[in-house]
Amino acid sequence: MQDTKSVGVVTPQYVHIDKPLQLKSGATLDNYHLVYETYGQLNAARSNAILICHALSGNHHIAGVYADKEKSFGWWDNMVGPGKPVDTKRFFVIGVNNLGGCHGSTGPTSIDSKTGNPYGASFPVVTVEDWVDAQEKLSQHLEIEQFAAIIGGSLGGMQAMQWALDYPEKVRHALVIAAAANLTAQNIAFNDVARQAILTDQEFYGGNYYAYDTLPRRGLRLARMLGHITYLSNDSMAAKFGRSLRKDELSFGYDVEFEIESYLRYQGDKFTDLFDANSYLLMTKALDYFNPADAYDGDLSAAFQAAKASFLILSFTSDWRFSPERSREIVKALLDNNLNVSYAEIASNQGHDSFLMENDHYHELVRAYLNNIAV
Amino acid sequence: MNDANPLSVVALRPDLAAIAEWIQPGKKVLDLGCGDGSLLRYLRESRNVFGYGVEIDDKNLLSCFYNGINVIQNDLESGLSSFESDSFDYVILSQTLQAMRHTEDIIQEMLRVGKQGIVSFPNFGYWRNRVQVALGQMPISKALPYHWYDTPNIHLCTLNDFEELCRRCNAHIIECRVMSNYRPVHIFPNLMGMLAFYRFERAK
């Protein structure tokens, strides 16, 4: 049956930006390209654009399907489409793959014109600020002076915040979902274990595995398995897998026995086919470095003095990686600056991944909020 | 920037309208237990008031979103730690005090966060309530529409009781009004008033 609420078949587009991008690290990208998708129509006043920023393993393919690939639905297809909470009948929605990614925008797998080889380990470390600067260049290309809203979950929420801080005139609303104003030590620790898994894989070759026609599969697989555990909650894992076994009896060995083992290994294996290990390293570093309060002696309220947008902050009760407490810190900083802000703590047992899941209340809140945005 | 759809100002519930009369235009308001957000919306649209609501219930929260007001989902029992001292002109607690566990704490928090506090509550001393108690039963009325066993109201009080709490909390009462059947009452307020409204501030 055809999904009448789907944006249907979509095609990625590319923009080449021939101006150097000064990165926070001090390095410069002389030129780069970005891959993006759009859904819906930009109105005559160019006032109905929404940018959706992706999280760690996301990309520009947010909604719809590719003509040549069945079931290739975008990662937020349940949220974005005609009649969906982010309604493409009203809004012109843009998804963009971030720099350093591995789905078409310039990243470690791209060819460095200086050497003729893939960047690999030489691709500079990029930050949330750098991504936002690159996204802003895309907005210039699309001739969008101001976004009706910038939306992101997790690492995407950090980009939405950064936009409101760096380009306050260009953001009317920022929807920051399941995010935090910086990572906790525990969060950084998880990221570093993931990185160590990749960096110590013998097939990693210092990041230049492309030259050896191999991949650090084991490392990336472990990194993803670890990450995946932290995106779920104890309750959701108990409900979905419990202690169920693949076979009826114990095998007293180390092969897959429990369903959860099978699931995680499958997720890990699948990920190694879809994602580049160098990109994974870069994305986790961007997460670790994000900390807008840093330049203000840790005072987040001072950091948000620059912001002008209205904010919607959403968190999920079972999200222990970006807990509701962390969202409330953002809310506090916004309140201290007399900014328009609404905050909801959504009941869900699906952990950090809740922000990607279908949840009537969650979707209704987003729909209601966006409904009030005049375009 | 206010993006909310311009809608005609809906008639406010009379008890909320009574509170709205106390709010000066252009001021900053915190509405605790703001329900569907209609008071804040009314104040924004008719008096250019900027504010936030605090609400715990999911359904009410969604209504607030549709009303286009700022609302923070939070449990009032845990205090107002998200809000700085002296950061509001008015802090409103409308028909919520009687359902709160930490009655004294919330009054103290209102005095800390706001220059003035506004509280409304059903008056247990209303004559119809007294008659029902005299006849040997817990009162059920328009203002108290619950049985004793299913009521959320755990801290009912009379006007005199509330004034005593204000003294205890070092709150100076600026003004008191009462209503019965949504009409103002001017005689024997603790007997004739079904709903009580108080405006107060920190005692100097």
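Participant: A description of the packing of aromatic side chains should follow, citing residues and the corresponding values.
Facilitator: All told, the structure shown has 25 aromatic pairs over all chains when counted by the stated rule. Plain terms: the ring middles of Trp76 of chain A and Phe355 of chain A are 6.3 Å apart, the flat faces sit at 80° to each other, and that makes the pair edge-to-face. One end of the pair, Trp76 of chain A, is in the loop between strand S5 (49–53) and strand S6 (80–81); the other, Phe355 of chain A, is in the loop between strand S14 (341–346) and helix H10 (360–371), and 279 residues separate them in sequence. Centre to centre, the rings of Tyr369 of chain A and Phe65 of chain B are 6.3 Å apart; their planes meet at 65°, and the pair counts as edge-to-face. Linking Tyr369 of chain A in helix H10 with Phe65 of chain B in helix H3 (residues 58–66), this pair reaches from one chain into another. A residue is classified by how much of its surface remains accessible, and Tyr369 of chain A, at 10% relative accessible area, is buried. Classification of Phe65 of chain B as buried rests on a relative accessible area of 2%. Over the aromatic face of Phe271 of chain A sits the side chain of Arg224 of chain A, whose NZ or CZ is 4.4 Å from the ring centroid. Just above the ring of Phe88 of chain B sits the side chain of Lys28 of chain B; from NZ or CZ to the centre is 4.4 Å.

Participant: Pulling in residues and values, what's your account of the layout of surface pockets?
Facilitator: Residues and elements named next belong to chain A. Of the volumes computed, that of the largest pocket is approximately 1,300 Å³. In terms of lining, the largest pocket is formed by 44 residues, of which the most central are Ser57, Trp75, Arg224, Lys270 and Leu356. The set of elements that each furnish at least two residues to the lining of the largest pocket consists of helix H3 (185–199), helix H4 (217–231), helix H5 (234–240) and helix H6 (259–274). Considering each element in turn, the lining of the largest pocket owes the most residues, five residues, to H6.

Participant: Got a sec to walk through the pairing of strand S4 (residues 32–39) of chain A? Specific residues and values, please.
Facilitator: All names here are of chain A. Of all eight residues making up S4, six are buried, and the element is well covered by its neighbours. Across five bridges, strand S1 (residues 13–17) lies against S4 in antiparallel orientation. Bridging across to S4, His16 finds its partner in His33. In this structure, S4 lies alongside strand S8 (residues 92–96), joined through four bridges in antiparallel fashion.

Participant: Which residues make up the interface of chain B and chain A, and what values do they have?
Facilitator: Taken together, the contact pairs 23 residues of chain B with 27 residues of chain A. Carbon and sulfur atoms supply 49% of the area buried between chain B and chain A, which totals about 2,200 Å² over both sides. At the boundary of chain B with chain A, the tally comes to one salt bridge. As a salt-bridge pair, Lys332 of chain A and Glu84 of chain B come within 2.5 Å of each other at their nearest N and O atoms. Seen at the junction of chain B and chain A, the total is twelve residue pairs in polar contact (both at pLDDT 80 or more). Elements supplying a minimum of two residues to the side of chain B that touches chain A: strand S2 (50–55), H3 and strand S3 (71–73) of chain B. In terms of residue count, the dominant contributor to the side of chain B that touches chain A is H3 of chain B (five residues). For the side of chain B that touches chain A, the residue count by class is twelve nonpolar, seven polar and four charged.

So, how was this worked out
- Here the residue index of a chain counts from 1 through its sequence in written order.
- As a convention, the first chain written is A and the first ligand written is 1, with the rest following in written order.
- Totals for whole chains, interfaces and linings use every residue, but because this is a predicted model, local features are given only for residues with pLDDT of at least 70 and side-chain atom pairs only at 80 or more, for both listing and counting.
- Excluded from the side-chain calculation are hydrogens and water; included are all heavy atoms of the structure.
- Working definition: a ring pair exists when centres of Phe, Tyr or Trp rings (six-membered ring for Trp) sit within 6.5 Å. Plane angles under 30 degrees give stacked, over 60 give edge-to-face, the rest tilted.
- The helix and strand labels rest on DSSP assignments: H or I over at least four residues marks a helix, E over at least two residues marks a strand, and numbering proceeds from the N terminus.
- When accessible area is computed with a 1.4 Å probe and restricted to protein chains, residues below 20% of their type maximum are described as buried, those above 50% as exposed, and intermediate ones as partly exposed.
- Charges are assigned to positions over rings by a cutoff of 6 Å between ring centre and Lys NZ or Arg CZ, combined with an angular limit of 35 degrees from the ring normal.
- For each structure, a 1 Å grid was placed over the protein atoms alone; sets of points admitting a 1.4 Å probe that cannot get out are labelled cavities, open sets with protein on both sides within 12 Å along at least five of seven lines are labelled pockets, and lining residues have an atom within 4 Å of a point.
- Grid points are joined across faces, edges and corners, and a volume is the space filled by probe spheres set on the points.
- What makes two strands pair is DSSP finding at least two bridges between them.
- Contacts were defined at the residue level, with two residues in contact if any of their heavy atoms lie within 4.5 Å.
- By buried area we mean the combined loss of accessible area, with a 1.4 Å probe, across both parts when two parts are placed together.
- Salt bridges are counted wherever a side-chain nitrogen of Lys or Arg sits within 4 Å of a carboxyl oxygen of Asp or Glu.
- Pairs of N or O atoms are called polar contacts if they sit within 3.5 Å, as long as, within protein, a hydrogen donor faces a hydrogen acceptor (for residues adjacent in sequence, only side-chain-to-side-chain pairs).
- Ten residues, namely Ala, Val, Leu, Ile, Met, Phe, Trp, Tyr, Cys and Pro, are considered nonpolar, four, namely Asp, Glu, Lys and Arg, are considered charged, and the remaining ones, Gly among them, are considered polar.

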